[in-house]
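The chain contents come next:
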Amino acid sequence: MTGQAPLVAPALGLRAAVALVVGQVIAVGIFLTPGTIIATVASPLGILLVWLVLGGMAMSGAVCYGALAARYPQAGGGYVYLREVYGPRVAFAYGWKCLLVMDPGITAALATGPASYIAYLVPMGTLAMRGVAISAIAGMAALHVSGVRIGARVLTTVAGLKVLLVLLLTIGACVSPSASLSHFVPFTGRHPGAPPLAAALAGAFVAAFFSFGGWWEVPRIAGELRDPRRTLPRALLGGLAIVTVTYAAATLSFIAVVPIEAVVPGQAFVAQVGDAIVGPRGGAVIAGVVIVCVLGSLGAMQMVAPRLYVAMAADGLFPAAAAAIHPRFGTPARAIVLQAVLASVLVALGSFDSIVAYFVGVTVLFVAATVASTVVLHRRDAGFRVPGHPWPAVVFLLLVAVLLVLLVVGSPRQSLCGVVVVAGALPAYRMIHARRPALVLEDLA
């Protein structure tokens, strides 16, 4: 395949692969979303079910992605699968979506996270918070344009810190004098003042999906695994099971110290938990650590995302100028800057929840298309197999349909905006390749 990095010698086993899944998925979602989920669902049982259903959804999709990664163990992940099954136009639409919707959307959402926690430490208005978020994006973009060594070292350190913080918060909440079982009463019913159920489920499912986001990128390492046909599906399932239990346990432990009716829906909810556990000073310390963690994820996003555009440019599916490598720094400087500019625009125009709603809908559609490709391959390729076929795809696609309905109900304007942007991929594809022979799948072989 053109544009693909050569495969390296497979050296990673199951334990390493599970660690990679857990490290990839447990990023910032558990710091940014539990307040929204608790305040809107307003029922301990309902909150638990949200995590379990979204965890089951992720694991169903992971079974399909694992089979695809074993069939196409190449760099590129979802881009490769869509290209091989549906052709270059769909692959281009995926890259267009990443450039204009998902990558700047995730970047903007991550940037608003540390801004809200900084506001917890130093009170400031909405305009100032947006300025802080845009400054964080610009700073990380400058770092990654100038090189990757320092950024890689920082991100490695922060990854361990994030996992440690989740464990410490969970344990601290369980043993805190503020913890009380009365906070779980009623366990099944919703608390007074809760928002309408449809809107609550929409917000909670979107927030939980954001927290599980990224597992579909892990198959990019398939070429580095020993026996990927067996190892990767097991790693995805095992890793996502660990993530699901961790998220559910952490959220329930947070309720133990902060009653549902007292929860402030927002990104600074974990700092509120810190206040309940060890007082205002503890909340400030936790807020500071979360700021570092979220900035680490922001830096990771701005470092990794532009690589897709470089791969697509090598395949002839993306303008080479947009993914040009800087002659001095050796980085895709234009792609990094473009992503930073688009993310800054989203920060200036929306809140954390509206930004997430903007990119989640179309991202779900492309992940669903990738999962659905397993059905196509089963008919086309006699040697391709998905364990339990077709039920993993059926379960995932049914839950995707529910999620999309909830998205439309809860955030119709943002969801439609994301779809409209992606709809521009086809005319853009035609315009870019107007002076070239039409690309077909065989051209990429």
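Okay, so let's go over this structure. Treat the numbers as computed from the prediction; the structure is a model and nothing was measured. (Residues numbered from 1 in each chain as written. Predicted model: local features only at pLDDT ≥ 70, side-chain atom pairs only at ≥ 80, totals over all residues. Heavy atoms only, no water.)

Broken down by element type, the protein chain carries 18 helices and zero strands. A total of 445 residues make up the protein chain; the buried ones form 54% of that total. When the accessible surface of the protein chain is totalled, it reaches about 18300 Å², and 70% of it is carbon and sulfur. (Helix = DSSP H or I, 4+ residues; strand = E, 2+ residues; numbered from the N terminus. Buried < 20%, exposed > 50% of the residue type's maximum accessible area, 1.4 Å probe, protein only. Areas by Shrake-Rupley, 256 points an atom, 1.4 Å probe, with all protein chains shown as cover.)

Let's shift gears to the side chain of Thr370. On the secondary structure map, Thr370 appears in helix α15 (residues 352–380). In this structure Thr370 touches Tyr65, Leu68, Tyr81 and Leu82, once residues within four positions along its chain are discounted. (Contact = heavy atoms within 4.5 Å.)

This brings us to the packing of aromatic side chains. This structure, assessed with the given rule, holds 10 aromatic pairs. Measuring from ring centre to ring centre gives 6.3 Å for Trp215 and Phe396, while their planes differ by 85°; the resulting arrangement is edge-to-face. Of this pair, Trp215 sits in the loop between α9 (197–212) and α10 (228–257) while Phe396 sits in helix α16 (residues 391–410), and the two are 181 residues apart along the sequence. You'll find Trp215 and Phe396 in the same group, each marked buried. An aromatic cluster of three or more residues is present, and its members are Tyr65, Tyr81, Phe209, Trp215, Trp216 and Phe396. (Phe/Tyr/Trp six-rings, centres within 6.5 Å; stacked < 30°, edge-to-face > 60°.)

Another point: unusual backbone geometry. Note: most residues except glycine have negative phi, and most peptide bonds are trans. For the bond from Val185 to Pro186, the omega torsion is -5°, close enough to zero to count as cis. Within the secondary structure, Pro186 sits in the loop between α8 (149–175) and α9. Cis geometry marks the peptide bond from His389 to Pro390; its omega dihedral reads 10°. Topologically, Pro390 is positioned in the loop between α15 and α16. In this structure, Ala42 is a non-glycine residue whose phi angle is positive, near 60°. One can find Ala42 in the loop between α3 (34–41) and α4 (44–71). Take Ala42: its relative accessible area is 3%, and that puts it in the buried class.

Since there are 3.6 residues in each turn of an α-helix, residues three or four apart along the chain are aligned in direction. If you check α9, its first and last C-alpha atoms are 22 Å apart, about what 16 residues at 1.5 Å a residue would give, namely 22 Å. For α9, the set of buried residues is Ala200, Ala202, Ala204, Phe205, Val206, Ala207, Ala208, Phe209, Phe210, Ser211 and Phe212. Directly beyond the C-terminal end of α9, a positive phi value near 110° is found at Gly214. (Expected span 1.5 Å × (residues − 1).)

For helix α17 (residues 412–423), which comprises 12 residues, the first-to-last C-alpha distance of 16 Å matches the rise-based estimate of 16 Å (1.5 Å per residue) to within 8%. Along α17, the residues classified as buried are Ser415, Gly418 and Val422. On an axial view of α17, the arc spanned by its buried residues comes to 60°, and they lie on one face. Opposite the buried face of α17, at more than 90 degrees from it, the exposed residues are Arg413, Leu416, Val420 and Ala423. (Arc of directions from axis to C-beta.)

A separate point is the pattern of salt bridges. Counted according to the given criterion, the structure contains two salt bridges. For Arg71, the salt bridge is made with Asp381, and the minimal N-O distance between the two is 2.8 Å. Here the residue Arg71 occupies a position in helix α4, and Asp381 occupies one in the loop between α15 and α16, the gap between them amounting to 310 residues. Taking the relative accessible area as the measure of exposure, Arg71 reaches 35% and is therefore partly exposed. Between Arg83 and Glu84 there is a salt bridge; the shortest N-O distance is 3.0 Å. In this structure, Arg83 and Glu84 share a single accessibility class: buried. (Salt bridge = Lys/Arg side-chain N within 4 Å of Asp/Glu carboxyl O.)

This next bit is on the nonpolar core. Of all hydrophobic cores here, the largest spans 140 residues; its most connected members are Phe31, Trp51, Tyr117, Phe212, Trp215 and Phe359. The greatest single-element share of this core, amounting to 16 residues, is contributed by helix α6 (residues 88–121). Beyond its immediate stretch of four places on either side in the chain, Trp51 contacts Ile30, Thr33, Ile37, Ala208, Ser211, Phe212, Thr244, Tyr247, Ala248 and Thr251. (Core = buried A, V, L, I, M, F, W, Y, C linked by side-chain atoms within 4.5 Å.)

Turning to the environment of Leu377, a few remarks are in order. Relative to the elements of secondary structure, Leu377 occurs in helix α15. Taking relative accessible area as the criterion, Leu377 reaches 1% and is therefore assigned buried. When the C-alpha positions of Leu377 and Arg71 are compared, they lie 10.0 Å apart, and in sequence the two are 306 residues distant. Each residue touching Leu377, except ones within four places of it in the same chain, is listed here: Leu68, Tyr72, Val85 and Phe384.

On to the environment of Ala67. Note that Ala67 resides in helix α4. On the basis of relative accessibility, which here comes to 7%, the residue Ala67 falls in the buried class. When the C-alpha atoms of Ala67 and Pro233 are compared, they prove to be 7.0 Å apart, with 166 residues separating the residues in sequence. In contact with Ala67, other than residues within four places in its own chain, are Phe384, Arg385 and Val386.

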